[in-house]
Amino acid sequence: MNTQNIIMVSVILVKLLSSGFLLLFGKSIGRFAKWISLLVSFSSFGLFLVFIPALQNGEIPSVVFDYLPTMGIQFSLKIDWLAFPFLLTEELVTIFAIVYALDYVKTDDRSHTFYALLLMFSAGMSGTTLANDIFLFYFFWELMLIASSILVLNWGESEKRNGVTLKYFIITHLGSLLVLVAFIMIYTQTGVDNFSAIKAGLQANPEQIPLIGSLFLLGFGVKMAVVPFHIWLPDTHSEAPMPVTIMLAAAMLSMGTYGILRFPMSSLSAMQFSMFALPMMIVGVVSEIYGASMALVEKDIKRIIAYSSVSQMGYILYGLGTQTYSGIVGATLHVIYHAIVKALLFCCVGWIIKATGKRDIQALGGMHKKDPLLTVCMVLGGLSIMGVPALAIFNSEWMIFSSGFQTPYTGLAMLEILGSILTTAYILRFIGKIFFTSQDEEFSIQKVPFSIKLATVSLTILTITAGLFPKPLFNYVVNELPLILGGQW
Amino acid sequence: MMIDSSSLLLIIFPILLGCVFFFFQISRRKTRKLLPALISILCFYSTVITIFFSKAPFSTTFSWHPAAGNMGMTFERSPLVLIILISIALFFVVLHDHRHPQVSSSIQISLMLFSYAFALTALVADHFMLRFVALEFVGLCVVGSVLDSPHNGTSNWNNVRNILLNFKFGDLCFLVAIFLMQANSGTFNINQNLELAAELSQPNQAIITSCLLAVVWVKLSIWPLDWWVKALSSLPSFLRTWYADLLLPVLGVYLLYRTSPLLNANTNLATFFVILALSAVLIKLLVSKFNNRSLPHQQLIQIFSSICLIPLAALGMQSLLWAFVIFWFIARTAFSIYTLRHEHSPPFSPARPASLYFASLFFLHAFSFLALLHTTHSNFLPNLVLIALWIIWWLLSIQSLNQIFVKERNLAGETFLEKNKKALELTTASLLLALVAACITVLVVYLLSLYTKGKGIWITAIFIDSSSSLTSAAYGLIPALSLYYPLFHHAEKVRNYLGRLVRPIRVKNPLVWFFRNGQIKDPLNQFSWLSSLFMSAASFLYKTIEQNSVDKIVSIFQKIFSFLFNQIEKLISKELWENTLKTIVDSSRKLQALHPGFLRLNQFWFLLFIIILVLVIFNQSIFYIFPSG
């Protein structure tokens with residue numbers, strides 16, 4: 001076992017072990033629990049960065065242990081260019097979520113459990129991305145769900161949290177079961193669990209492709225929360241404590257995209273996948289328009305941004321459905337940019353709630369005079385999600401939009417572009433009502449903790465930087481293409 | 001090399017000064033006026049130097065977005081001429097800052113300078129992404145200026161919202177056109193795309209042309225895409241003039257100029273858009289008359305003059321169109337600057353030299369007249385449309401003339417004959433002044449077209465062979481005269497009459513509900529009823545599907561679970577498990593009661609089970625004893 005292998009296992013293990021440590025001994029170390037979790041998230045990010053030179057040299061770092069050799073089951077991890085953008089997103093979002101939580105979560109006799117579960121949640125996502133066999137993938141996939149469910153159940157913000165958690169768990173678990181059925185079908189046909197062997201197995205049984213592909217798309221569609229599988233998202237995002245919401249919206253939603261890219265899109269050729277293209281594009285456009293429409297009429301500010309995620313996932317699904325160079329690279333870039341911007345928007349929402357104690361958009365107003373720093377961050381986040389140039393999302397949106405015109409479905413592509421005016425509409429309503437219109441009923445502003453401000457401002461800077469300098473990220477993401485749809489580009 | 005780099009200074013100078021204004025909040029009014037004026041002069045000179053001393057158009061490329069390839073700017077003579085004119089316009093606009101009571105902020109000045117730099121970038125860009133980004137930033141500068149107005153927060157924000165939505169619509173249409181062209185050509189280069197667009201299928205060409213014209217519509221503020229102009233009301237006058245009358249229209253017209261080959265290839269579409277534009281002016285005219293809205297006569301004339309360029313663009317003679325664009329911009333600038341200069345004095349006050357005002361008005365009419373004459377001469381439009389164009393031109397001209405007589409009639413202490421005599425004198429003086437201005441402009445346009453296009457264009461040459469065109473113009477006069485009186489002097493009666501006519505239709509109209517019960521305050525405000533319709537649909541969906549979905553889902557689950565529990569409980573109830581366990585324990589006890597050795601046997605099996613479990617966990621090779629499939 002070389003150093004690279006140890007580091008790769010450590011990306012996950014450091015979080016899992018810390019999580020266990022905090023669960024067992026967290027009570028006795030008290031307020032140090034949050035600093036330990038922050039240190040762990042930074043360490044994990046640092047460990048992840050170690051792989052960049054290897055990837056740039058064309059290597060694919062991997063670790064394999066035999067687990068159940070007779071059944072062909074291995075403990076196998078791998079990092080390639082396809083996993084890279086998603087792992088980057090998860091690691092970054094975890095850091096921001098923990099920074100945000102430092103002052104957001106009160107230090108009490110339960111707080112160590114909160115951080116332990118947050119790390120477990122993050123480990124679930126990292127494990128899912130690094131896994132190179134279906135059993136490990138499913139294990140971490142479910143770990144992610146369990147950890148997040150417990151977080152919502154115990155730290156939910158209202159009395160409805162039990163119902164919300166039940167809904168979240170059951171619906172996303174149903175999605176996971178669809179993925180599981182697809183995995184079992186693949187396993188029974190191929191007898192192997194390794195990702196690289198799945199492709200050959202599927203090619204040997206082409207008649208199974210429509211069913212397996214549909215199961216994957218439906219299962220991962222639930223995780224992406226595209227319409228009509230989005231029903232869990234607004235409630236869960238609005239109910240979860242803000243750091244968990246940031247993790248859910250900015251990182252966990254991208255797991256659905258990763259699943260689609262990793263399984264149906266990597267295992268099938270462009271020709272075989274083409275049967276799913278049009279449905280994906282249609283669902284993408286519907287999600288974009290529907291999510292934005294709901295955000296336009298919703299009153300709870302946290303739910304408005306939650307619906308915005310439904311809309312943004314529509315862009316991503318549409319981009320993937322086009323099966324074009326621009327569409328796939330654009331969708332992957334959109335995952336990263338969306339994570340940054342959505343984390344920023346939720347940070348701003350948390351800031352508003354912490355400062356005012358209000359969540360109803362009708363009860364808010366005139367915040368630009370009361371908190372100029374928050375206004376700048378929120379306006380930049382809003383402009384970014386509207387697709388204004390030189391801010392993060394513009395770069396990916398441009399590619400997704402252009403990809404639609406490289407397909408025969410020009411009408412759908414036009415609808416996709418024109419439908420995005422609704423994004424402008426709901427963001428304008430949001431910013432206008434909260435910041436720039438006067439409120440008859442005066443309300444006071446509470447002091448907001450430093451950690452919330454730090455996370456928000458850092459994300460704002462990241463939004464601008466990512467928008468101004470798109471090249472580095474693009475050059476990394478574009479390397480995933482040879483792994484997708486037979487690499488015929 | 002130095003000359004080439006002077007081209008880039010065109011963009012760098014205003015941005016640098018804009019940054020100074022933005023970050024240092026310059027409050028001295030004189031400095032605020034002088035520095036931008038200085039920059040506009042500097043830009044003017046650097047453009048002149050570039051045009052006259054550069055042997056070949058300077059071009060520069062850079063890379064920003066990897067998927068868009070290299071972006072370039074080419075400083076060709078045609079856009080540079082426009083840049084000279086825009087710089088002159090900026091100079092005059094800035095000089096008028098101090099004349100008005102409404103004070104502009106340092107940020108607004110900085111945004112004005114940024115908008116100038118971005119507009120210049122848009123004009124010289126030969127890459128669609130660069131042009132799109134530049135146009136977006138111009139739009140953001142407008143929005144920022146309105147947001148910085150010291151007005152009531154809510155109304156200010158409503159203005160910002162309307163401007164952004166209006167611009168966004170134009171931008172999205174532009175994107176559709178760009179991507180359709182790019183899908184065909186594989187590049188974002190503007191020249192290549194526009195050349196190859198002619199090879200596209202007819203429906204695609206129609207979509208591209210329509211989308212590009214939608215952008216032109218927005219920039220020229222033609223109904224129904226003109227919300228943004230009304231929303232600029234909170235800006236200081238000179239900024240409003242800069243954005244609404246000069247900068248954005250010139251960007252729109254430049255786009256029209258570039259789109260003209262496509263329009264020429266789709267004559268039916270071009271005719272449709274001319275009719276649409278004509279209807280837009282008519283609706284504006286009727287709305288302003290019937291609703292007693294304060295839509296100034298000047299604004300209508302400006303819109304109409306812009307519309308006159310659309311049929312010219314469809315003629316396919318780009319050099320001629322270019323010459324007319326120059327004429328249009330000079331006439332428009334002169335008119336806008338004059339109205340800006342006297343905006344705060346009453347329309348016919350002695351402080352306002354009436355002859356100059358009317359001369360600038362007639363100057364603009366002269367442009368429209370020449371443009372319409374060319375259109376009529378080309379026989380490109382159906383006669384009915386041509387006559388309609390001429391009717392509107394006459395209506396607006398008669399109204400302008402009538403203003404002179406209204407002004408003179410208001411003078412007290414003079415006889416009827418004296419008043420009319422004065423009016424005639426004023427008319428003659430204004431017309432003569434307008435004629436002189438038009439002649440000079442025609443000469444300037446000739447020289448500029450000679451220098452930029454290599455061939456001088458006399459836009460008045462049409463008079464030589466235009467007897468039939470002049471007849472068409474004359475045909476328009478009679479209906480115009482018959483419409484003028486009821487339209488302009490008995491607007492209320494006509495409105496009531498038309499109201500009675502359309503009432504039966506309106507009652508049956510499904511939109512009536514929205515007009516009566518929805519959020520629509522003004523049925524003529526298309527933005528209001530469109531958004532109201534959409535919001536009603538979205539609210540319906542939200543209330544029926546999305547709202548309280550957690551409760552709905554939980555109650556569904558509750559029903560399912562209670563059904564399952566009630567039905568299956570009988571089989572797997574607690575009692576069943578307890579009874580089973582009890583039976584096993586009882587039988588085990590009975591077994592032990594038979595012989596004590598049986599107790600040890602039970603313990604043995606239990607121990608064996610644990611050992612197997614441990615072995616399985618720590619050593620998977622145990623599975624070798626079970627042959628796998």
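What this report covers is the structure whose coordinates are included nearby.

Counting its regular elements, chain A contains 22 helices and 2 strands. Expected size for 489 residues packed as a compact globule is a radius of gyration near 23 Å; at 21 Å, chain A falls within 12% of this value. Along the three orthogonal principal directions, the C-alpha set of chain A runs to about 70 × 60 × 45 Å. Residues counted as buried form 67% of the 489 residues belonging to chain A. Once local pairs closer than 6 in sequence are excluded, the contacts in chain A between residues at least 24 apart make up 82%. Accessible area for chain A stands at about 15200 Å²; split by element, carbon and sulfur atoms hold 67% of it.

Bringing the overall build of chain B into the picture now. The number of helices and strands found in chain B is 24 helices and 2 strands. The 629 residues of chain B split such that 49% are buried. For chain B, the proportion of contacts with a sequence separation of at least 24, taken over those separated by at least 6, is 75%. Of the roughly 29900 Å² of accessible surface on chain B, 67% is carried by carbon and sulfur atoms.

Residues and elements named next belong to chain A. Summed over the entire model, instances satisfying the criterion amount to 9 salt bridges over all chains. Asp-80 is the salt-bridge partner of Arg-262, the closest N and O atoms lying 2.8 Å from each other. Highlighted residues: Arg-262 in helix H11 (residues 242–262) and Asp-80 in the loop between strand S2 (73–78) and helix H4 (83–104), separated in sequence by 182 residues. This pair shows no difference in class: Arg-262 is buried, exactly as Asp-80 is.

Okay, the pairing of strand S2 (residues 70–75) of chain B next. Residues and elements named next belong to chain B. S2 sits mainly inside the fold: 5 of its 6 residues count as buried. Bridging between strand S1 (residues 58–63) and S2 involves 6 bridges; their strand directions are antiparallel. Residue pairing for S2: Phe-58 is matched across the bridge by Phe-75. If you look at the hairpin formed by S1 and S2, you'll find 6 residues sitting between the two strands, and Gly-69 has a positive phi there, around 75°.

On to the packing of helix H15 (residues 325–356) of chain A against helix H17 (residues 372–385) of chain A. Residue and element names in this part refer to chain A. Close contact between H15 and H17 brings their axes to 9 Å; oriented N to C, the two are set at 145°. The two elements H15 and H17 meet at a crossing, and its hand is left-handed. Where H15 approaches H17, its residues Val-341, Lys-342, Leu-344, Leu-345, Cys-348, Trp-351 and Ile-352 are matched on the opposing element by Leu-373, Leu-374, Cys-377, Met-378, Gly-381, Gly-382, Ser-384 and Ile-385.

Residues and elements named next belong to chain A. With the rule as written, the count across this model stands at 56 aromatic pairs over all chains. Both rings, one in Phe-137 and one in Trp-141, keep their centres 5.4 Å apart while their planes meet at 20°; by these two values the pair is stacked. Of this pair, Phe-137 and Trp-141 both sit in helix H6 (residues 134–155), separated by 4 residues, roughly a single helical turn. In this structure, Phe-137 and Trp-141 share a single accessibility class: buried. A ring pair is formed by Phe-394 and Trp-398, whose centres lie 5.7 Å apart and whose planes are at 50°; its orientation type is tilted. Highlighted residues: Phe-394 and Trp-398, both in helix H18 (residues 392–404), separated by 4 residues, approximately one helical turn. Since its relative accessible area comes to 3%, Phe-394 is described here as buried.

What follows is about the interface of chain B and chain A. Taken together, the contacts link 51 residues of chain B with 55 residues of chain A. Carbon and sulfur atoms supply 77% of the area buried between chain B and chain A, which totals about 4900 Å² over both sides. Among the residues chain B hides against chain A, the three largest losses belong to Trp64(B), Trp157(B) and Glu546(B). Together they make up 14% of the total. Scanning the region where chain B abuts chain A turns up 5 residue pairs in polar contact (both at pLDDT 80 or more). Those elements that place two or more of their residues in the side of chain B that touches chain A are helix H5 (128–147), helix H6 (153–185), helix H21 (526–546) and helix H22 (549–572) of chain B. Element by element, the count of residues in the side of chain B that touches chain A is highest for H6(B), at 17 residues. Residues that form the side of chain B that touches chain A fall into these classes: 36 nonpolar, 10 polar and 5 charged.

Thresholds applied
Residues numbered from 1 in each chain as written. Chains lettered and ligands numbered in written order. Predicted model: local features only at pLDDT ≥ 70, side-chain atom pairs only at ≥ 80, totals over all residues. Heavy atoms only, no water. Helix = DSSP H or I, 4+ residues; strand = E, 2+ residues; numbered from the N terminus. Rg over C-alpha atoms; globule rule 2.2 N^0.38 Å. Buried < 20%, exposed > 50% of the residue type's maximum accessible area, 1.4 Å probe, protein only. Contact = heavy atoms within 4.5 Å. Areas by Shrake-Rupley, 256 points an atom, 1.4 Å probe, with all protein chains shown as cover. Salt bridge = Lys/Arg side-chain N within 4 Å of Asp/Glu carboxyl O. Pairing = 2+ DSSP bridges. Axes fitted to C-alpha atoms, helices over the stretch in contact; angles between N-to-C directions. Left-handed = near helix turned anticlockwise from the far one by under 90°. Phe/Tyr/Trp six-rings, centres within 6.5 Å; stacked < 30°, edge-to-face > 60°. Buried area = accessible area lost by both parts, 1.4 Å probe. Polar contact = N/O pair within 3.5 Å; in protein donor to acceptor, adjacent residues only side chain to side chain. Nonpolar A, V, L, I, M, F, W, Y, C, P; charged D, E, K, R; others polar.

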